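Survey of secondary and tertiary structure
Below, each chain spelled out in residue letters.
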Amino acid sequence: MADSLPGSPLISAVELRKLLAADAPVRLLDVRYRLGHDDGRERYAEGHLPGAVFVDLERELAAHGDPRDGRHPLPEDADLAEAVRRWGVRAEESVVVYDDSRSLPASRAWWALTRAGLRDVRVLDGGLSAWRAIGGETERGEVIPAPGDVELGSPGTADVLDTDQVALWTGVLLDARAPERYRGETEPIDPVAGHIPGARNLPIAEVLTEDGRFREPEEIADAFEVAGAGENIPIAAYCGSGVTAAQLALAGALIGREVTLYPGSWSAWSNTPGLPVATGADPAEDDPLEG
């Protein structure tokens, strides 16, 4: 997409290069993560933006416990604050997060840091590929910064949904997974296939371009509308484990829509005995086209 607007949660590679050339106070965070792999740090060490610090999604942006909490539940507020200072983030700095996976893990970082009160967090639109496409330099090895001094808030669980709350949600509930997982035709990870009854399917691919950038705001707004998230309708979102849903929240922010997350997502719902499961097509697929 074009250069982002002031205050946008996105930053283009061109904009970022200008900031870095001007020695602006920017902390770069590299959030390499691939489902089913544990090689993020190794891939980061093979080449990353100059000065970027590695962030471990599994260990620093998520906690681990009972399966009923999901695969990537929220870390404790104090643990996240400690990690952010370990990454060297200082109070006067802007933060830019990126990855090499269509901005999926970077969106989880954006969401976690923004809700914890960091004032300026942006995602590099298009990630590492976009940076390399403009001839941006990379470096090898690991960056170990001096400890930062930023202070985070303690949001706890005030602005997210747990399993009991999502069952009572009265707005639209969006499932960000691929259609075949939503319909229950396949489930490669969790114990049960299907979706939460009443949820509508908005696959994350609908808000991204083929090269992993976010679509224009008008296209994103249309995708939300088609999925049943019209104007003034409260929106909640889930996915497999709370990572892709954060990317849907970022898409919502690009069009001025607040998206409340169910961090436990399908991994929590499907691991909680006795909860209902729906299968089959999204009702939106049967809605008649207007016009």
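Residues numbered from 1 in each chain as written. Predicted model: local features only at pLDDT ≥ 70, side-chain atom pairs only at ≥ 80, totals over all residues. Heavy atoms only, no water.

1. Quick look at the overall build of the protein
- Within the protein, the regular secondary structure consists of eleven helices and nine strands.
- On C-alpha atoms alone, the protein measures out to a radius of gyration of 19 Å, which is about the 19 Å that the 2.2 N^0.38 rule sets for 291 residues.
- Counting only C-alpha atoms, the protein reaches 50 × 45 × 30 Å along its principal axes.
- Here the protein holds 291 residues, and 52% of them are scored as buried.
- Restricting to contacts in the protein with at least 6 residues of sequence separation, those with at least 24 account for 74%.
- Counting every atom, the protein has about 13300 Å² of accessible surface; 50% of that belongs to carbon and sulfur.
- Between the mean site of the 27 positive side-chain charges and the mean site of the 51 negative ones, the protein shows a separation of 5 Å. (Helix = DSSP H or I, 4+ residues; strand = E, 2+ residues; numbered from the N terminus. Rg over C-alpha atoms; globule rule 2.2 N^0.38 Å. Buried < 20%, exposed > 50% of the residue type's maximum accessible area, 1.4 Å probe, protein only. Contact = heavy atoms within 4.5 Å. Areas by Shrake-Rupley, 256 points an atom, 1.4 Å probe, with all protein chains shown as cover. Lys, Arg positive; Asp, Glu negative; His and termini not counted. Charge placed at Lys NZ, Arg CZ, Asp CG, Glu CD.)

2. Focus on the sheet that holds strand β2 (residues 26–30)
- The sheet built from five strands is open, its strands ordered β1-β5-β4-β2-β3 with parallel pairing. Pairing within the sheet leaves two strands with one partner each, and these edge strands are β1 (10–11) and β3 (53–54).
- Here strand β4 (residues 94–98) runs beside strand β5 (residues 121–124); their pairing, made up of three bridges, is parallel. Within the sheet, the bridge partner assigned to V97 lies in β5 and is V123. (Pairing = 2+ DSSP bridges.)

3. Considering a negative patch on the surface
- On the surface, a cluster of negative charge is contributed by E216, E218, D222, E225 and E231.
- Position of E216 among the secondary structure elements: in the loop between β7 (200–201) and α9 (217–226).
- A relative accessible area of 33% places E216 in the partly exposed class. (Patch = residues over 30% accessible without salt bridge, like charges linked within 9 Å, V, L, I, M, F, W, Y side chains within 5 Å. Salt bridge = Lys/Arg side-chain N within 4 Å of Asp/Glu carboxyl O.)

4. So, empty space enclosed by the protein
- Per the counting criterion, the structure on display carries one cavity of 30 Å³ or more.
- What the largest cavity holds in volume is close to 50 Å³.
- Sorting the residues of the lining of the largest cavity by element identifies α4 (77–86) and α5 (104–115) as the ones contributing at least two each. (1 Å grid on protein atoms, 1.4 Å probe; cavity = no way out; pocket = protein on both sides within 12 Å on 5 of 7 lines; lining within 4 Å. Points joined across faces, edges and corners; volume = space filled by probe spheres on them.)

5. A closer look at the pattern of salt bridges
- In the structure shown here, the tally under the stated rule is 25 salt bridges.
- The partner of D100 in a salt bridge is R43, and the shortest N-O contact between them spans 2.4 Å. You can see D100 sitting in the loop between β4 and α5 and its partner R43 sitting in helix α2 (residues 40–46), a full 57 residues away along the chain.
- For R43, a relative accessible area of 13% puts it in the buried group.
- Salt bridges sharing common partners tie together D30, R32, R34, D39, R43 and D100.

6. Some details on the UniProt feature "domain: Rhodanese" (unreviewed entry) in the protein
- When the UniProt feature table is mapped onto this chain, "domain: Rhodanese" (unreviewed entry) is found at residues 22–140 and 172–278.
- Between the first and last C-alpha atoms of residues 22–140 the distance is 23 Å; the span itself is 34% helix and 13% strand.
- Within residues 172–278, the helical portion is 28% and the strand portion 12%, while the C-alpha atoms at the span's ends are 16 Å from each other. (UniProt positions renumbered as here; feature names shortened; annotations may be inferred.)

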